[in-house]
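So the chains spell out like this:
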Amino acid sequence: AQRVTQPEKLLSVFKGAPVELKCNYSYSGSPELFWYVQYSRQRLQLLLRHISRESIKGFTADLNKGETSFHLKKPFAQEEDSAMYYCALPGGATNKLIFGTGTLLAVQP
Amino acid sequence: DAGVIQSPRHEVTEMGQEVTLRCKPISGHDYLFWYRQTMMRGLELLIYFNNNVPIDDSGMPEDRFSAKMPNASFSTLKIQPSEPRDSAVYFCASSPRPGLAGLYNEQFFGPGTRLTVL
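This one's a predicted model, so the numbers in the text were calculated from it and none came from an experiment.

Peer 1: Just give me the short version of the interface of chain B and chain A, but keep the residues and values in it.
Peer 2: Where the parts come together, the accessible area they lose is often given as the size of the interface. Taken residue by residue, the interface counts 31 residues in chain B and 21 residues in chain A. Both sides of the chain B and chain A interface together cover about 2,100 Å² of buried area, and 50% of this is carbon and sulfur. Broken down residue by residue, the surface that chain B buries against chain A is led by B:Leu43, B:Tyr104 and B:Phe109, which jointly contribute 33%. Inspection of the chain B/chain A interface yields one salt bridge. For A:Lys96, the salt bridge identified is with B:Asp56, shortest N-O distance 2.4 Å. Our count for the chain B to chain A interface comes out at 11 residue pairs in polar contact (both at pLDDT 80 or more). Those elements that place two or more of their residues in the side of chain B that touches chain A are strand S4 (31–38), strand S5 (42–50) and strand S9 (88–95) of chain B. Residues belonging to the side of chain B that touches chain A are distributed by class as follows: 18 nonpolar, nine polar and four charged.

As C-alpha coordinates, then:
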(Lines give C-alpha, C1' and ligand atoms only; values in the text may rest on other atoms or scores of the structure.)
Protein backbone atom coordinates (compact mmCIF):
# COMPACT_ATOMS: atom_id res chain seq x y z
CA ALA A 1 0.00 0.00 0.00
CA GLN A 2 1.10 3.55 -0.65
CA ARG A 3 2.44 5.31 2.39
CA VAL A 4 4.41 8.47 3.05
CA THR A 5 6.33 9.07 6.26
CA GLN A 6 7.60 12.35 7.61
CA PRO A 7 9.43 11.36 10.78
CA GLU A 8 9.85 14.84 12.25
CA LYS A 9 6.88 16.85 13.50
CA LEU A 10 9.08 19.83 14.26
CA LEU A 11 12.40 20.95 12.86
CA SER A 12 14.03 24.02 14.35
CA VAL A 13 17.10 25.59 12.74
CA PHE A 14 18.88 28.93 12.83
CA LYS A 15 18.84 31.37 9.97
CA GLY A 16 21.58 30.52 7.49
CA ALA A 17 21.79 26.88 8.52
CA PRO A 18 21.11 24.06 6.06
CA VAL A 19 17.69 22.47 6.12
CA GLU A 20 16.63 18.93 5.29
CA LEU A 21 13.01 17.89 5.71
CA LYS A 22 12.76 14.13 5.51
CA CYS A 23 10.20 12.19 3.50
CA ASN A 24 10.18 8.44 2.98
CA TYR A 25 7.64 6.59 0.92
CA SER A 26 6.30 3.17 0.18
CA TYR A 27 5.11 2.73 -3.38
CA SER A 28 5.23 0.08 -6.06
CA GLY A 29 6.48 1.54 -9.28
CA SER A 30 7.93 4.94 -10.12
CA PRO A 31 6.18 7.51 -7.97
CA GLU A 32 5.48 11.12 -8.80
CA LEU A 33 6.21 13.00 -5.57
CA PHE A 34 5.29 16.44 -4.31
CA TRP A 35 6.04 18.90 -1.57
CA TYR A 36 3.28 21.24 -0.42
CA VAL A 37 3.78 24.14 1.97
CA GLN A 38 1.52 26.12 4.26
CA TYR A 39 2.84 29.47 5.45
CA SER A 40 1.23 31.16 8.42
CA ARG A 41 -2.16 32.58 7.50
CA GLN A 42 -1.83 31.37 3.92
CA ARG A 43 -3.32 28.50 1.98
CA LEU A 44 -1.66 25.16 1.49
CA GLN A 45 0.09 25.35 -1.87
CA LEU A 46 2.33 23.31 -4.11
CA LEU A 47 6.02 23.99 -3.54
CA LEU A 48 7.56 21.60 -6.01
CA ARG A 49 7.12 18.29 -7.77
CA HIS A 50 9.98 16.00 -8.63
CA ILE A 51 9.20 15.62 -12.33
CA SER A 52 9.74 19.36 -12.76
CA ARG A 53 13.24 19.10 -11.34
CA GLU A 54 13.06 22.77 -10.36
CA SER A 55 14.47 24.72 -7.48
CA ILE A 56 11.70 26.75 -5.86
CA LYS A 57 12.57 29.43 -3.28
CA GLY A 58 15.98 27.77 -3.01
CA PHE A 59 14.49 24.37 -2.17
CA THR A 60 15.30 21.20 -4.06
CA ALA A 61 14.19 17.61 -3.64
CA ASP A 62 15.77 14.57 -5.21
CA LEU A 63 14.00 11.28 -5.60
CA ASN A 64 16.18 8.46 -4.25
CA LYS A 65 14.57 5.21 -5.31
CA GLY A 66 17.14 3.10 -3.47
CA GLU A 67 16.35 4.73 -0.16
CA THR A 68 12.71 5.44 -1.14
CA SER A 69 13.17 9.02 -0.05
CA PHE A 70 12.29 12.47 -1.34
CA HIS A 71 13.92 14.79 1.16
CA LEU A 72 13.47 18.55 0.79
CA LYS A 73 16.66 20.54 1.11
CA LYS A 74 17.82 24.13 1.24
CA PRO A 75 21.44 25.14 1.83
CA PHE A 76 20.71 28.33 3.82
CA ALA A 77 17.43 28.69 5.70
CA GLN A 78 15.63 32.03 5.84
CA GLU A 79 13.11 33.15 8.45
CA GLU A 80 10.41 33.33 5.79
CA ASP A 81 10.83 29.58 5.20
CA SER A 82 9.09 28.93 8.51
CA ALA A 83 5.99 26.93 7.60
CA MET A 84 4.34 23.52 7.64
CA TYR A 85 5.65 21.24 4.91
CA TYR A 86 3.81 18.18 3.58
CA CYS A 87 5.20 15.46 1.38
CA ALA A 88 2.70 13.73 -0.90
CA LEU A 89 2.65 10.77 -3.26
CA PRO A 90 0.10 9.25 -5.66
CA GLY A 91 -2.81 7.49 -4.04
CA GLY A 92 -3.47 4.89 -6.69
CA ALA A 93 -5.97 6.83 -8.78
CA THR A 94 -5.80 9.78 -11.12
CA ASN A 95 -5.23 13.03 -9.27
CA LYS A 96 -5.50 11.37 -5.83
CA LEU A 97 -2.66 12.17 -3.43
CA ILE A 98 -1.70 10.80 -0.04
CA PHE A 99 -0.15 13.36 2.28
CA GLY A 100 2.22 12.81 5.16
CA THR A 101 1.72 14.06 8.68
CA GLY A 102 3.72 17.20 7.96
CA THR A 103 6.82 18.82 9.43
CA LEU A 104 6.73 22.24 11.00
CA LEU A 105 9.91 24.13 10.11
CA ALA A 106 10.84 26.92 12.49
CA VAL A 107 13.74 29.14 11.40
CA GLN A 108 15.13 31.09 14.33
CA PRO A 109 16.79 34.48 13.80
CA ASP B 1 -10.23 34.49 -9.40
CA ALA B 2 -10.78 34.21 -5.66
CA GLY B 3 -9.58 30.63 -5.66
CA VAL B 4 -11.33 27.90 -3.72
CA ILE B 5 -13.89 29.40 -1.35
CA GLN B 6 -14.90 27.75 1.90
CA SER B 7 -17.49 28.73 4.47
CA PRO B 8 -17.69 29.19 7.32
CA ARG B 9 -14.09 29.93 8.25
CA HIS B 10 -14.73 29.05 11.87
CA GLU B 11 -17.44 26.92 13.41
CA VAL B 12 -18.02 26.24 17.06
CA THR B 13 -20.78 23.85 17.93
CA GLU B 14 -21.89 21.52 20.65
CA MET B 15 -21.66 17.77 20.59
CA GLY B 16 -24.61 16.21 18.83
CA GLN B 17 -25.31 19.12 16.55
CA GLU B 18 -25.27 18.93 12.78
CA VAL B 19 -22.43 20.74 11.02
CA THR B 20 -22.36 21.65 7.34
CA LEU B 21 -19.19 22.86 5.65
CA ARG B 22 -19.35 24.43 2.22
CA CYS B 23 -16.95 24.68 -0.70
CA LYS B 24 -16.90 26.42 -4.05
CA PRO B 25 -14.14 25.08 -6.30
CA ILE B 26 -12.26 27.01 -8.93
CA SER B 27 -14.33 27.28 -12.07
CA GLY B 28 -13.36 24.70 -14.66
CA HIS B 29 -11.73 22.30 -12.24
CA ASP B 30 -13.00 18.74 -12.62
CA TYR B 31 -11.80 17.39 -9.27
CA LEU B 32 -12.83 18.36 -5.77
CA PHE B 33 -11.25 17.02 -2.58
CA TRP B 34 -12.18 17.21 1.10
CA TYR B 35 -9.35 16.85 3.65
CA ARG B 36 -9.13 16.92 7.42
CA GLN B 37 -6.04 18.30 9.12
CA THR B 38 -5.02 17.38 12.66
CA MET B 39 -1.71 17.51 14.49
CA MET B 40 -1.67 13.79 15.07
CA ARG B 41 -2.70 12.52 11.64
CA GLY B 42 -1.64 15.35 9.36
CA LEU B 43 -3.67 15.87 6.20
CA GLU B 44 -6.15 13.06 5.56
CA LEU B 45 -8.18 12.72 2.39
CA LEU B 46 -11.81 12.16 3.28
CA ILE B 47 -13.48 12.00 -0.13
CA TYR B 48 -13.03 13.28 -3.65
CA PHE B 49 -15.23 13.93 -6.66
CA ASN B 50 -14.62 13.89 -10.37
CA ASN B 51 -17.17 15.78 -12.46
CA ASN B 52 -19.51 15.92 -9.44
CA VAL B 53 -19.41 12.14 -8.93
CA PRO B 54 -17.89 10.73 -5.72
CA ILE B 55 -14.93 8.58 -6.71
CA ASP B 56 -13.38 7.52 -3.42
CA ASP B 57 -14.93 7.95 0.02
CA SER B 58 -12.73 5.43 1.79
CA GLY B 59 -11.32 8.16 4.00
CA MET B 60 -14.68 9.16 5.45
CA PRO B 61 -14.29 8.15 9.08
CA GLU B 62 -17.84 7.12 9.89
CA ASP B 63 -21.41 7.17 8.70
CA ARG B 64 -21.77 10.43 10.57
CA PHE B 65 -19.86 12.04 7.72
CA SER B 66 -21.42 12.63 4.32
CA ALA B 67 -20.49 14.74 1.31
CA LYS B 68 -22.37 15.91 -1.74
CA MET B 69 -21.60 17.78 -4.91
CA PRO B 70 -24.91 18.76 -6.51
CA ASN B 71 -23.21 20.77 -9.25
CA ALA B 72 -19.80 21.77 -10.53
CA SER B 73 -19.62 24.88 -8.37
CA PHE B 74 -20.68 23.64 -4.96
CA SER B 75 -19.97 20.89 -2.47
CA THR B 76 -20.89 20.23 1.14
CA LEU B 77 -19.42 18.12 3.90
CA LYS B 78 -21.88 17.29 6.65
CA ILE B 79 -21.26 15.81 10.07
CA GLN B 80 -24.33 14.57 11.92
CA PRO B 81 -24.13 14.21 14.86
CA SER B 82 -20.87 15.97 15.58
CA GLU B 83 -18.48 14.78 18.29
CA PRO B 84 -15.53 16.49 20.05
CA ARG B 85 -13.07 14.25 18.19
CA ASP B 86 -14.25 15.79 14.93
CA SER B 87 -12.56 19.03 15.93
CA ALA B 88 -10.04 19.80 13.19
CA VAL B 89 -9.40 22.03 10.21
CA TYR B 90 -11.28 20.87 7.13
CA PHE B 91 -9.88 21.79 3.74
CA CYS B 92 -11.46 21.73 0.35
CA ALA B 93 -9.23 21.61 -2.73
CA SER B 94 -9.86 21.51 -6.45
CA SER B 95 -7.78 20.45 -9.39
CA PRO B 96 -8.04 20.49 -13.15
CA ARG B 97 -7.94 17.21 -14.99
CA PRO B 98 -4.38 15.99 -15.55
CA GLY B 99 -2.70 16.99 -18.74
CA LEU B 100 0.58 16.32 -20.37
CA ALA B 101 2.47 16.88 -17.10
CA GLY B 102 1.41 13.52 -15.80
CA LEU B 103 -1.41 11.85 -13.96
CA TYR B 104 -1.41 14.23 -11.03
CA ASN B 105 -2.23 17.86 -11.35
CA GLU B 106 -1.68 20.57 -8.78
CA GLN B 107 -4.35 20.83 -6.11
CA PHE B 108 -5.53 24.30 -5.11
CA PHE B 109 -6.61 24.56 -1.52
CA GLY B 110 -9.18 26.72 0.16
CA PRO B 111 -8.50 28.61 3.40
CA GLY B 112 -10.03 25.86 5.51
CA THR B 113 -12.79 25.69 8.10
CA ARG B 114 -11.68 25.39 11.69
CA LEU B 115 -14.28 23.25 13.46
CA THR B 116 -14.52 23.05 17.22
CA VAL B 117 -17.00 20.66 18.76
CA LEU B 118 -17.54 21.22 22.46
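Peer 1: Residue-level account of the side chain of B:Ser94, with values.
Peer 2: Residue and element names in this part refer to chain B. Here Ser94 lies in strand S9. In terms of polar contacts, Ser94 uses its side chain to reach the backbone amide nitrogen of Ile26, at 3.3 Å. With residues near it in sequence (within four places) discarded, Ser94 still touches Val4, Pro25, Ile26, His29, Tyr31, Leu32, Phe33, Glu106, Gln107 and Phe108.

Peer 1: Describe the pattern of salt bridges, with residues and values.
Peer 2: Residue and element names in this part refer to chain B. Following the criterion strictly, the structure yields 14 salt bridges over all chains and no others. Two residues, Arg85 and Glu83, come together in a salt bridge whose shortest N-O distance is 2.6 Å. The structure contains a network of salt bridges with shared partners spanning Glu62, Arg64, Glu83, Arg85 and Asp86.

Peer 1: Tell me about the sheet that holds strand S3 (residues 19–21) of chain A, and name the residues and values.
Peer 2: Residue and element names in this part refer to chain A. Spatially, the three strands line up as an open sheet ordered S3-S8-S7, and their pairing is antiparallel. At either end of the open sheet lies a strand with only one pairing partner, and these are S3 and strand S7 (60–61). Here S7 pairs with strand S8 (residues 72–74) via two bridges, running antiparallel. In the sheet register, Thr60 faces S8, and the bridge partner there is Lys73.

Rules of the game
Residues numbered from 1 in each chain as written. Chains lettered and ligands numbered in written order. Predicted model: local features only at pLDDT ≥ 70, side-chain atom pairs only at ≥ 80, totals over all residues. Heavy atoms only, no water. Contact = heavy atoms within 4.5 Å. Buried area = accessible area lost by both parts, 1.4 Å probe. Salt bridge = Lys/Arg side-chain N within 4 Å of Asp/Glu carboxyl O. Polar contact = N/O pair within 3.5 Å; in protein donor to acceptor, adjacent residues only side chain to side chain. Helix = DSSP H or I, 4+ residues; strand = E, 2+ residues; numbered from the N terminus. Nonpolar A, V, L, I, M, F, W, Y, C, P; charged D, E, K, R; others polar. Pairing = 2+ DSSP bridges.

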